[in-house]
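Single-letter residue listing:
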Amino acid sequence: MPLLFESISHGEVPFGFFNIETDMILLDNYFFFASDVSDHISEMAVMSQGNARPQNWETYILDPQKIGNLMGAIAGIDLRGFIGEVYSLFPFPHEPDKFKQNPEGFKTRAMMEDIIKRYTEPSHIKVIIDEDTWTISIGGYRFSRQGFHELIRYLWLGGYPRWKDSLRPDYIVRMKETVEKTHYPLFDGINKILERP
């Protein structure tokens, strides 16, 4: 489930997985694949101070009226929009113990791409690190270093409700290993954030 995270530019914004059977995540009205985002974060971790270059992230930007009603889709009573269509294929589980993020959600990627392309075309946004303030802009959304670390922690945990059987996809494990070893200042203090339960 997406949770609210503090941004510098927009106050609290939703970020996270919106269905347990896909690895697609949202940042407000931006939609990405977690595997891509994790790989981009790993690339940031091998940057050197003074030589950081902007990244181009592929994203799907949806008009708010095309996104749908997440809570209505979870309840199965409002299946309009992109999220509604996803829940018509992957309904919310009836048994609470089955509400866990599937570590093999990346296998639904082709299906998810086909669905979201009915609502918008893929585009690219710039992701820029400001080394004077150690803030990061993801398209139009700007985060402090700690705010960005909280997004990374969400991915590591599998958000809410966490990864099924505590198994994580390889791309998540690689991301954590890379950010924990880096000396790039954007990630200063990340270890303590990731160690929190």
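The structure under discussion appears in the preceding block.
Residues numbered from 1 in each chain as written. Predicted model: local features only at pLDDT ≥ 70, side-chain atom pairs only at ≥ 80, totals over all residues. Heavy atoms only, no water.

Caption draft 1: Molecular detail of the packing of aromatic side chains. Enumeration according to the criterion identifies 16 aromatic pairs in this entry. Taken together, a centroid distance of 5.5 Å and an interplanar angle of 70 degrees make the contact between Phe15 and Tyr154 edge-to-face. With Phe15 in strand β2 (residues 11-17) and Tyr154 in helix α6 (residues 145-157), the pair connects residues that are 139 residues apart, well separated along the chain. Grouping residues by exposure puts Phe15 and Tyr154 together as buried. Geometrically, the ring pair formed by Phe18 and Phe82 is edge-to-face, given 5.8 Å between the ring centres and 65 degrees between the ring planes. Of this pair, Phe18 sits in the loop between β2 and β3 (24-27) while Phe82 sits in helix α4 (residues 81-89); the two residues are 64 residues apart in sequence, bridging distant segments of the chain. A relative accessible area of 0% means that Phe82 is categorised as buried. Ring pairing ties together the aromatic residues Phe5, Phe15, Phe17, Tyr154 and Trp163, which thus form one cluster. Positioned above the aromatic ring of Phe33, the side-chain terminus of Arg109 is 4.1 Å from the ring centre. Lying across the ring of Trp156, Arg168 places its NZ or CZ 3.6 Å from the centre. (Phe/Tyr/Trp six-rings, centres within 6.5 Å; stacked < 30°, edge-to-face > 60°. Helix = DSSP H or I, 4+ residues; strand = E, 2+ residues; numbered from the N terminus. Buried < 20%, exposed > 50% of the residue type's maximum accessible area, 1.4 Å probe, protein only. Lys NZ or Arg CZ within 6 Å of the ring centre and 35° of its normal.)

Caption draft 2: Quick look at empty space enclosed by the protein. Enumeration over the complete set of coordinates arrives at two cavities of 30 Å³ or more. If you add up the space inside the largest cavity, you get close to 70 Å³. Lining the largest cavity are Phe15, Leu27, Phe32, Val37, Ile41, Trp57, Ile138, Phe148, Leu151, Ile152 and Leu155. For the lining of the largest cavity, the elements supplying multiple residues, two or more each, are α1 (34-45) and α6. Broken down by element, the lining of the largest cavity gets its largest block of residues, four residues, from α6. For the lining of the largest cavity, a count of residues per class yields 11 nonpolar, no polar and no charged. Taken as a whole, the second largest cavity spans an internal volume of roughly 30 Å³. (1 Å grid on protein atoms, 1.4 Å probe; cavity = no way out; pocket = protein on both sides within 12 Å on 5 of 7 lines; lining within 4 Å. Points joined across faces, edges and corners; volume = space filled by probe spheres on them. Nonpolar A, V, L, I, M, F, W, Y, C, P; charged D, E, K, R; others polar.)

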